[in-house]
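Chain by chain, the residues:
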Amino acid sequence: MLICFFTFYFYGEAQVNWTNDGDSYYKLEQNELRTYTLPNHEAKVVITKEQLTPKGQTEPLKIAHFSFSTDQQKVLLFTNTKRVWRLNTKGDYWVFNFKTNTLKQIGKSLPPSSLMFAKFSPDGNKIAYVSENNIYSEDYETGTILPLTKNGTVSLINGTFDWAYEEEFSCRDGFRWSPDSQSIAYWQIDAGAIKKFYMINNTDAIYSQLIPLEYPKVGETPSSCRVGVVNLADAKTTWMDIPGNPSQNYLVRMEYIPNTNKLLIQQLNRKQNNSKLYTVDAKKGTSKLIYEESDEAWVDLFQLGNTRKIDYTNNFTFLNNNKSILWASEKDGWRHLYQISLQGKPEILITNGNYDVIDLKHIDTKKGYVYYLASPNNATQKYLYKTKLNGKGKLQLVSPKSLIGTHDYSFSPNGKYAEHTFTNHYTPRSKEFILVKNHQALTEEESIIKNLKKIEKKPITEFFTITTADNVTMDGWIVKPTNFDPTKKYPIVFYVYSEPANTTVKDVYGIGRNRHYKGNMAEDGYIYVSIDNRGTPAPKGRAWRKSIYRKIGVINIHDQAMAAKEILKWDFVDSERVAVWGHSGGGSATLNLLFRYPEIYKTGISLAAVANQLTYDNIYQERYMGLPQENKEDFIVGSPVTYAKNLEGNLLYIHGTGDDNVHYQNAELLINELIKHNKQFQFMPYPNRSHGIREGEGTSKHLSNLYTNFLKQHCPSGGR
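Residues numbered from 1 in each chain as written. Predicted model: local features only at pLDDT ≥ 70, side-chain atom pairs only at ≥ 80, totals over all residues. Heavy atoms only, no water.

### Overview of the overall build of the protein
Spelled out, the test is: Numbering of helices and strands runs from the N terminus; a helix is a DSSP stretch of H or I covering at least four residues, while a strand is a stretch of E covering at least two. Radius of gyration here uses only the C-alpha atoms, and the compact-globule reference equals 2.2 Å multiplied by the residue count raised to the power 0.38. Throughout, a residue-residue contact means that at least one pair of heavy atoms, one from each residue, lies within 4.5 Å. Counting rule applied: Lys, Arg positive; Asp, Glu negative; His and chain ends not counted. Here the site of a charge means atom NZ of a Lys, CZ of an Arg, CG of an Asp or CD of a Glu.
Within the protein, the regular secondary structure consists of ten helices and 43 strands. For the protein, the C-alpha radius of gyration of 26 Å lies close to 27 Å, the compact-globule estimate for 720 residues. Reported as C-alpha extents along the three principal axes, the dimensions of the protein are approximately 75 × 60 × 60 Å. The long-range fraction of contacts in the protein, counting pairs at least 24 apart against all pairs at least 6 apart in sequence, stands at 60%. Looking at the protein, you have 85 positive and 75 negative side-chain charges, and the mean spots of the two groups are 2 Å apart.

Structure, rendered in structure tokens:
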């Protein structure tokens, strides 16, 4: 996924570690684990600093993440973490036992900071984890470690995933305990046939060091994937028989059907325009197709919750005593929720109407309601709604009408309480705990509504819509200069992303700030604007989102340019001082706009751009663009390098040489083309920095100075 790094404030999903009864929640504070009991938030220390301090040490463990056994009598503590691609998913694990008040490290005989995704068996007696691409089970009482796989290598991966699966499907935790705690189902990824892409480290030693990465470029055969079930009694694996070539299909979801010995597995074909659900006998390995769905473009993998959590998994949501699942589909033109039977019964449409479900939040099986985020009237915002699970209810707004903006919720297991977070472009992210039945804050002190006037800031961002000559209407935001004078003309800076992985126009606090600009753009006299074109994942229906199929670098670029044309008609915009910038997919858009519409954009700052779409990974590119073996011309037409010869304006191109996502190769391909046509530009490589260009002493400050100085030099600030 080409990640967009523009946001000053990232509005993530609300996450609360609730107790099983749903009346309390856990928090790590001041090196202690505490519970807070609702409704009065009564605090209690359940693990003290002393209890978190291992024997022989003087400092308590620094906990990055914690999770519980089913009965919440033991807690797994994750510490000494190390980064794997995007997130810190390797580290050490300790177990604190509430019954015995003891702290015990697990996996002690394995390499330090090598354990991944440790979790208790359902009966709480064992803990499974991955280390160096093998799966282990450890008996809590005896400390005996049992290797369940032994063949793991850099390219044969058990229980976790390769680069592409993690980046594009958010697959990280790759194993599941059986309900009876006797076996473990796991993914095995064979990336052995994937060609290695080599990055070069020139700074850490006198001789350069090669950094190999199994990275499947678009058009290259994907990693082979299969699911096995290993029995703890003999450590033998039974492989599940899923129809189809394992190197031409992806297995993106896998879960035990609760209280059974059956697995539910979702398979996507290589083009990702066909999805199949199989029930699989975990002992025999036999499978049965129970549901299939296709799309002329691609079938979305509906990902619930925060995909940046370290233990995020693409899990199923089971309903009706585990006889059906909750399913999201765009097959009627909108993303709606369905009940899909595992027993061949007719599906049930739960949500209905011309709006998209954005995210699932809670299912109340007793009262028969499903709670979810949606925004039927404004694609830049999110609100909580509910409707009947049987599909016979009406859409009911749960969020307060007076709080206009972006909401999120974390429900307690019993559905009685929820942590509610709220923000908009002039309200910093605020939270309260509420009673769900009436959406009332538990205390006046935390009430967002009662404290709103104290929380709100002076608005600096305005939202607008713009309609192009093609009759396409897009959402946008604008930050005007401080002390704005409508009789003057000001320089304008467009922030772009424009691809299917993200939107930029969101009603959240800090949305109009530029983290790379040194100082305040508004005070310096710049107009700052962003627009969401067709193809961005806004809740505007399937046709909006999938119009970009096989047209990345075409339809999004056209929409952005046509919107800019309309904006340049505004009396206060100086059409001679027009800049554009973006990161990742936004960097690609910046290049395309600068090269293809030089009459509009005079200055561009591009970071970590895909200059040639044929260099990016197969899962992302093939999902949105098809196979280059079939339609290579689409990739060429959408790639900035194709148009580099047209550069007329001022270009600053920035790339990290250690970028494992969008390879530095793109920079050299683009530079070669610019040199070929005698195009002058400014270039800044950052040694060994990855896609975010954050690592290393002084990097952020240097990048900020570089960005700001270039912008001021080539797109001078202030009204004229």
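### As for the pattern of salt bridges
The criterion, for reference: Salt bridge, as applied in this entry: a Lys or Arg side-chain nitrogen positioned within 4 Å of an Asp or Glu carboxyl oxygen. Buried, partly exposed and exposed residues are distinguished by accessible area as a fraction of the type maximum, computed with a 1.4 Å probe on protein chains only: under 20%, between the cut-offs, and over 50%, respectively.
Going through the model one piece at a time under the given rule, you end up with 32 salt bridges. Between E32 and R34 there is a salt bridge, and its shortest N-O distance comes to 3.1 Å. R34 shares its class with E32; the two are buried. Of the charged contacts in the structure, one is a salt bridge between E220 and K195, with a shortest N-O distance of 3.5 Å. One end of the pair, E220, is in the loop between strand 17 (209-214) and strand 18 (224-231); the other, K195, is in the loop between strand 15 (183-190) and strand 16 (196-201), and 25 residues separate them in sequence. Its relative accessible area of 55% is what places K195 among the exposed residues. Residues participating in the shared-partner salt-bridge network are D295, E330, R335, D356, R542, R545 and K546.

### Observations concerning the sheet that holds strand 25 (residues 324-329)
The strands that make up a sheet pair up through hydrogen bonds in the backbone, lying either parallel or antiparallel. The condition is simple: Only strands that DSSP links by at least two bridges are regarded as paired with each other.
Read across the sheet, four strands follow the order 24-25-26-27 without closing on themselves; strand pairing throughout is antiparallel. Bordering the open sheet on either side are strand 24 (317-319) and strand 27 (348-349), each of which pairs with just one other strand. Bridge count for strand 26 (residues 336-341) against strand 27 is two bridges, and the pairing is antiparallel. The residue bridging Q339 from the neighbouring strand is I348, located in strand 27.

### Some words on the nonpolar core
To keep it simple, the criterion reads: Nine residue types can take part in a nonpolar core, namely buried Ala, Val, Leu, Ile, Met, Phe, Trp, Tyr and Cys, and a core is a set of them joined through side-chain atoms within 4.5 Å.
Formed by 75 residues in total, the largest nonpolar core has its most connected members in F169, L263, I605, I654 and L711. When sequence neighbours within four positions are dropped, the list of residues in contact with I654 reads I605, S606, L607, A608, M684, Y686, I693, L703 and L706. One finds Y490, I527, W544 and L593 within the second-largest nonpolar core, a separate group that totals 45 residues.

### Some remarks on the side chain of S447
For S447, the location among the structural elements is in the loop between strand 35 (440-441) and helix 2 (452-455). Among residues more than four places away in sequence, those in contact with S447 are E432 and A441.

### Quick look at a nonpolar patch on the surface
Rules: Patch membership needs two things, relative accessible area over 30% and no salt bridge, and members are linked within 9 Å if like-charged or within 5 Å if nonpolar (Val, Leu, Ile, Met, Phe, Trp, Tyr). Accessible areas in this description were obtained via Shrake-Rupley with a 1.4 Å probe; residue shielding takes into account the shown protein chains only.
Together, Y198, I200 and L210 line one region of the surface with nonpolar side chains, adding up to about 310 Å² of accessible area. By secondary structure assignment, the location of I200 is in strand 16.

### Looking at the environment of P459
Mapped onto the fold, P459 is located in the loop between helix 2 and strand 36 (461-467). Given a relative accessible area of 47%, P459 falls into the partly exposed group. Sequence separation of P459 and L264 is 195 residues, and the distance between their C-alpha atoms is 48 Å.

### Notes on the UniProt feature "domain: Peptidase S9 prolyl oligopeptidase catalytic" (unreviewed entry) in the protein
Filter applied, for reference: UniProt positions are given in the numbering used here, feature names are shortened, and annotations may be inferred rather than shown by experiment.
The UniProt feature table records "domain: Peptidase S9 prolyl oligopeptidase catalytic" (unreviewed entry) at residues 521-714. Helix and strand shares over residues 521-714 are 41% and 18% respectively, and the end C-alpha atoms of the span are 15 Å apart.

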